[in-house]
Amino acid sequence: MSVNILAIESSCDDTSAAIVQDGSVLSNVVANQEVHKKYGGVVPEVASRAHQENIIPVVDVALKEAGLAAGDLSAVAFTRGPGLIGSLIVGVSFAKGLAMSLGIPLIEVNHMKAHVLAHFAEPPYPSFPFLCLTVSGGHTQIVLVKDHFSMEVLGQTIDDAAGEAFDKTGKLLGLDYPAGPLIDRYAQQGQLVFDFPEPQVDGLNFSFSGLKTSILYFLKRSIKEDPDFIQKNLADICASVQHRIVQVLIKKLILATDEYKITQVALAGGVSANSELRSTLEQTGKERGWTTFIPQFEYCTDNAAMVGIAGYYKYLKKEFTEQDIAPKARWQIG
Ligand code: KG4
Ligand code: ZN
């Protein structure tokens, strides 16, 4: 008999449900919350309400696309954290209610582990141990992945995440939220004209808040001289900022591969959709003899399929979760 996992993801501003059957993704439905655009960032209370509206239709579509009924499910996996508490609580409550009513097990999943395990949604799979650069709107981490369950954070941001650096730069440039994909698009028409300082942080940790400040002062100075500076130079600014962020990420990844002597290198999280990051990783990998892994776009940004994959491995080990579980806004991988 097949193992059918229904997975629920609601950690931030995307409501997602997926069906994973025997480790393969049958459906992966994501409802984006466009409502945050006008605020220039995610508003937690608004996100929570939107999850409440979206969750039942999204689960219905996921089941329908997979050709399954609720009675066919073997377990419900859900993101317990980390994330926004008001967003998490919607997914957690829904998962608990459904699992209880169907009399099937409940499986908690760490969102950051799920981003890493997105690499097992489709072959080729990385082999253990591998290094995973997990870059999203909330996190920037280099993770040593020992197996499906055992992961260690080797380095992480001490302030802003890489995705936040993209989004906050976008806000300064007057771009909509989330600005990462827009900066990526403008950068493709731009040149590396402006030089932004490289953050100085020891070891495998990252820092992006200084970069944001330097961009802010650079823009203020430039606009004083020419009020249309941003409009005239948008593509070049985007290319220069993006290049600096990507260089920082790759430099630390090189340090980690040297230190841990690991040549299996993977990218995960929303920022791994970035075209320069993807091409630079591939190029660096070729030069250094790495085997690189980049998930398909739909498995990079927040999605429930990755939660379903993580849930499937836990199901095989019978790692089930009690009904009286609460969301965890902060939850380290290790
Ligand atoms: O993993 P994710 O979907 O959600 C979080 O868990 O945060 O990541 C969202 C982040 C946002 O900051 C967004 O701007 C960024 O990923 N992002 C990108 C690109 N696509 C999404 N950043 C740079 N280039 C992109 N193409
Ligand atoms: Zn995420």
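Residues numbered from 1 in each chain as written. Chains lettered and ligands numbered in written order. Predicted model: local features only at pLDDT ≥ 70, side-chain atom pairs only at ≥ 80, totals over all residues. Heavy atoms only, no water.

Here we look at the overall build of the protein
- Along its length, the protein carries 9 helices and 10 strands.
- Computed over the C-alpha atoms, the radius of gyration of the protein is 20 Å, within 12% of the 20 Å expected from 2.2 N^0.38 for a compact globule of 334 residues.
- Oriented by its inertia axes, the alpha-carbon framework of the protein measures out at about 65 × 45 × 30 Å.
- Looking at the protein as a whole, 55% of its 334 residues are labelled buried.
- Accessible surface computed for the protein: about 14600 Å², of which carbon and sulfur atoms make up 52%.
- Averaging the positions of the 28 positive and the 37 negative side-chain charges in the protein gives two centres separated by 4 Å. (Helix = DSSP H or I, 4+ residues; strand = E, 2+ residues; numbered from the N terminus. Rg over C-alpha atoms; globule rule 2.2 N^0.38 Å. Buried < 20%, exposed > 50% of the residue type's maximum accessible area, 1.4 Å probe, protein only. Areas by Shrake-Rupley, 256 points an atom, 1.4 Å probe, with all protein chains shown as cover. Lys, Arg positive; Asp, Glu negative; His and termini not counted. Charge placed at Lys NZ, Arg CZ, Asp CG, Glu CD.)

Examining the coordination of the zinc ion (ligand 2)
- Each protein donor to the zinc ion (ligand 2) is listed here as His111 (NE2), His115 (NE2) and Asp302 (OD); together their distances run 2.0 to 2.2 Å.
- With 4 donor atoms in place around the zinc ion (ligand 2) and angles of 92 to 154° between them, the coordination shape is irregular.
- On the basis of relative accessible area, histidine 111 is assigned to the buried category, the value being 5%.
- For aspartate 302, a relative accessible area of 15% corresponds to the buried category. (Donors = N, O, S within 2.8 Å, 3.2 Å for Na, K, Ca; no water. Tetrahedral: all angles 85-135°; square planar, octahedral: opposite > 155°, others 65-115°.)

Some words on helix α1 (residues 44-66)
- The end-to-end C-alpha distance of α1 is 31 Å, a good match for the 33 Å that 23 residues give at a rise of 1.5 Å each.
- Considering bend angle alone, the principal kink of α1 is centred on asparagine 54 and spans about 40°; proline proline 57 follows within four residues of it.
- Among all positions in α1, only Ala47, Ser48, Ala50, His51, Asn54, Ile55, Val58, Val59, Ala62, Leu63 and Ala66 are buried.
- Phi turns positive, to about 70°, at glycine 67, one or two residues after α1. (Expected span 1.5 Å × (residues − 1). Bend = angle between axes of the 7 residues up to and from the residue.)

With respect to the site of ligand 1
- Surveying the vicinity of ligand 1 reveals 19 residues, the closest of which are Gly137, Asp167, Asp184, Gly270 and Asp302.
- Contact between ligand 1 and glycine 270: an oxygen atom at 3.0 Å from a main-chain N or O atom of the residue.
- Those elements that provide at least two residues to the shell around ligand 1 are α3 (111-117), α4 (162-172) and α5 (180-187).
- Residue classes in the shell around ligand 1 are distributed as 5 nonpolar, 11 polar and 3 charged.
- Taken domain by domain, the shell around ligand 1 gets at least three of its residues from each of domain 1 (4-116 + 299-316) and domain 2 (125-295). (Near = heavy atom within 4 Å. Polar contact = N/O pair within 3.5 Å; in protein donor to acceptor, adjacent residues only side chain to side chain. Nonpolar A, V, L, I, M, F, W, Y, C, P; charged D, E, K, R; others polar. Domains from an automatic or database assignment.)

A short note on the domain arrangement of the protein
- One can read the domain layout of the protein as domain 1 (4-116 + 299-316) and domain 2 (125-295).
- Measuring from the centre of the C-alpha atoms in domain 1 to the corresponding centre in domain 2 gives 27 Å.
- Across the contact, 16 residues belong to domain 1 and 19 residues belong to domain 2.
- Regarding the contact of domain 1 and domain 2, the summed buried area is about 1600 Å², with carbon and sulfur atoms giving 72% of it. (Contact = heavy atoms within 4.5 Å. Buried area = accessible area lost by both parts, 1.4 Å probe.)

Thoughts on the packing of aromatic side chains
- All told, the structure shown has 12 aromatic pairs when counted by the stated rule.
- A ring pair is formed by phenylalanine 120 and tyrosine 125, whose centres lie 5.5 Å apart and whose planes are at 35°; its orientation type is tilted.
- For tyrosine 125, a relative accessible area of 40% translates into the label partly exposed.
- The interplanar angle of 25° and the centroid separation of 5.9 Å between the aromatic rings of phenylalanine 128 and phenylalanine 130 together place this pair among those described as stacked.
- Accessibility expressed as a relative area gives 31% for phenylalanine 128, which makes it partly exposed.
- Residue classification places phenylalanine 130 among the buried positions, given a relative accessible area of 0%.
- Grouped by ring-pair contacts, the aromatic residues Phe120, Tyr125, Phe128, Phe130, Tyr312 and Tyr313 constitute a single cluster. (Phe/Tyr/Trp six-rings, centres within 6.5 Å; stacked < 30°, edge-to-face > 60°.)

Digging into the sheet that holds strand β8 (residues 151-156)
- In spatial order, the strands read β8-β7-β6-β9-β10; together these 5 strands make up an open sheet with mixed pairing. If you trace the sheet from one side to the other, it starts and ends with β8 and β10 (291-293), each paired once. When the angles between neighbouring strand axes are averaged without regard to direction, this sheet yields 25°.
- Here helix α8 (residues 275-288) sits on the sheet and contacts β6 (130-135), β9 (264-268) and β10; the angle it forms with β9, its principal contact strand, is near 180°. (Pairing = 2+ DSSP bridges. Axes fitted to C-alpha atoms, helices over the stretch in contact; angles between N-to-C directions.)

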